[in-house]
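# Coordinate inspection notes
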Amino acid sequence: MSKKGDDIWKNVDKINSELFTLTYGSIVAQLCRDFNHNYHEVNNQLDQMGYNIGIRLIEEFLSRTGAQRCQSFKETVEVITKLGFRVFLNIQPAVENWSSDGRSCSIVLPEPNPLNEFVEIPPTKDLWYCQILCGILRGALQMIQLDVDVNFVKDTLKGDDKTEIRLKLNKILKDEVPAGED
Amino acid sequence: MIHSFFIFDRHCNCIYSREYTNGDAINKTNDSDTAKLLFGILYSLKNISGKLAHTNDDSGFAPSNNTLKSFTLGTYRAHYLESMTGLKFILVSDTHIDNLQPVLWELYSTHYLKNVVHNGLSPVEFLAENDPYSKISNHNFIVQSDAYIQSLPVYR
């Protein structure tokens, strides 16, 4: 699967990574100013922006990879890390800490994290700088009928030992039924 | 010969319909009953095909991969492709065309993706019927998908 990710990565349009990093940084900085350094609100906004990206990004992901439906949540997470992150960010996060019921796990972003480069965040424990990634994952998974909670638990920007995103599968959404059918 | 092209979204609404008459003139159909009936048939067939194939997995994670691809009537064949996100692409042709799966995939992965998904001004969640934004009205999508379908050797 990693090989397939590599092949697709070779054929996608790319932009300069510093431009990308700096653009994302400016967005976060502007949001901080707009919301008067209310970091909870900034997190919410980033999450919402990510969600709106995710519901479109999933179509691009499916078109490019031709991915088929996975047989388990474990397989889904494997596809996210080995194909999803690979194709769009050229990184391959590690998966750790599976819960015993197989419904939650952690994704650990490798260093250097392309969003985090050159970044110093204000001395606050509230801002999750890469929150947009959570929104993207949540939106993309929702479109393929998976209701998943996504949030950060650790961030190296805050002095933690790693950058860790926690995923928790709530339920599998049912296809909608046409009006008048029961 | 290809007769018509429909797209339904995951809320079961028809978001695009196009009719190709006499291999020449193109009309937008206003006859939403046709779309509804077609959707009804496909919806039932899809359910049946899912039930016919038993899966050993009862977690409900992966619905059966016994997916519907097309069905044939006396004079028509309806070709069906559903994306994992629940978008349904349907081409109605005569019975001489066997397989349009690659064409449906191309319509989804190229034309829909480039003109609707990549277009920030175009919605991806369409509103309910009778609303002006309930259909794909994107000019580039219409022109390019028409041109693509009409360029196919099987079109006429």
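Residues numbered from 1 in each chain as written. Chains lettered and ligands numbered in written order. Predicted model: local features only at pLDDT ≥ 70, side-chain atom pairs only at ≥ 80, totals over all residues. Heavy atoms only, no water.

An unreviewed UniProt entry annotates chain B as Trafficking protein particle complex subunit of Suhomyces tanzawaensis NRRL Y-17324. As recorded by UniProt, the Sequence similarities (unreviewed entry) comment attached to chain B reads in full: "Belongs to the TRAPP small subunits family. BET5 subfamily." (UniProt positions renumbered as here; feature names shortened; annotations may be inferred.)

Naming follows an unreviewed UniProt entry, where chain A appears as Trafficking protein particle complex subunit BET3 of Suhomyces tanzawaensis NRRL Y-17324. Recorded in UniProt under Sequence similarities (unreviewed entry), the annotation for chain A is "Belongs to the TRAPP small subunits family. BET3 subfamily."

## Observations concerning the interface of chain B and chain A
Contacts between the two partners involve 31 residues from chain B, matched on the other side by 27 residues from chain A. Together chain B and chain A conceal approximately 2,300 Å² of surface at their shared face, both sides included; 59% is due to carbon and sulfur atoms. One can count 1 salt bridge joining chain B with chain A. A salt bridge links Lys46(B) to Asp175(A), with the shortest nitrogen-to-oxygen separation between them at 3.4 Å. One can count 9 residue pairs in polar contact (both at pLDDT 80 or more) joining chain B with chain A. (Contact = heavy atoms within 4.5 Å. Buried area = accessible area lost by both parts, 1.4 Å probe. Salt bridge = Lys/Arg side-chain N within 4 Å of Asp/Glu carboxyl O. Polar contact = N/O pair within 3.5 Å; in protein donor to acceptor, adjacent residues only side chain to side chain.)

## Concerning the pairing of strand S4 (residues 163-172) of chain A
Residues and elements named next belong to chain A. When strand S2 (residues 104-109) meets S4, the two strands line up antiparallel, connected through 6 bridges. Within S4, the residue paired with Leu109 across the bridge is Thr163. Here strand S3 (residues 146-154) pairs with S4 via 8 bridges, running antiparallel. By the bridge assignment, Asp149 is partnered in S4 with Lys168. (Pairing = 2+ DSSP bridges. Helix = DSSP H or I, 4+ residues; strand = E, 2+ residues; numbered from the N terminus.)

## Points about the packing of aromatic side chains
Scanning the model with the defined rule gives 16 aromatic pairs over all chains in all. Ring centres 5.9 Å apart and planes at 90° place the aromatic pair Phe89(B) and Tyr112(B) in the edge-to-face group. Here Tyr112(B) lies in helix H2 (residues 101-117) and Phe89(B) lies in strand S6 (residues 88-93), a separation of 23 residues in the sequence. For Phe89(B), a relative accessible area of 0% corresponds to the buried category. Residue Tyr112(B) is classed as buried on the basis of its relative accessible area, which comes to 1%. The structure contains a cluster of three or more aromatic residues connected by ring pairs, namely Phe5(B), Tyr16(B), Phe89(B), Trp105(B), Tyr108(B), Tyr112(B) and Phe141(B). The ring of Trp98(A) has Lys74(A) lying over it, and the distance from NZ or CZ to the ring centre is 5.2 Å. (Phe/Tyr/Trp six-rings, centres within 6.5 Å; stacked < 30°, edge-to-face > 60°. Buried < 20%, exposed > 50% of the residue type's maximum accessible area, 1.4 Å probe, protein only. Lys NZ or Arg CZ within 6 Å of the ring centre and 35° of its normal.)

## Considerations on empty space enclosed by the protein
Rolled over the atoms, a probe with the dimensions of a water molecule shows which regions are left empty. Applying the stated rule across the entire model yields 1 cavity of 30 Å³ or more. Computed from the structure, the largest cavity encloses a volume of approximately 70 Å³. Taken together, Glu59(A), Met143(A), Asp9(B), Arg10(B), His11(B), Thr85(B), Gly86(B), Leu87(B), Tyr112(B), Val124(B) and Glu125(B) make up the lining of the largest cavity. Grouping the amino acids of the lining of the largest cavity by side-chain chemistry returns 4 nonpolar, 3 polar and 4 charged. (1 Å grid on protein atoms, 1.4 Å probe; cavity = no way out; pocket = protein on both sides within 12 Å on 5 of 7 lines; lining within 4 Å. Points joined across faces, edges and corners; volume = space filled by probe spheres on them. Nonpolar A, V, L, I, M, F, W, Y, C, P; charged D, E, K, R; others polar.)

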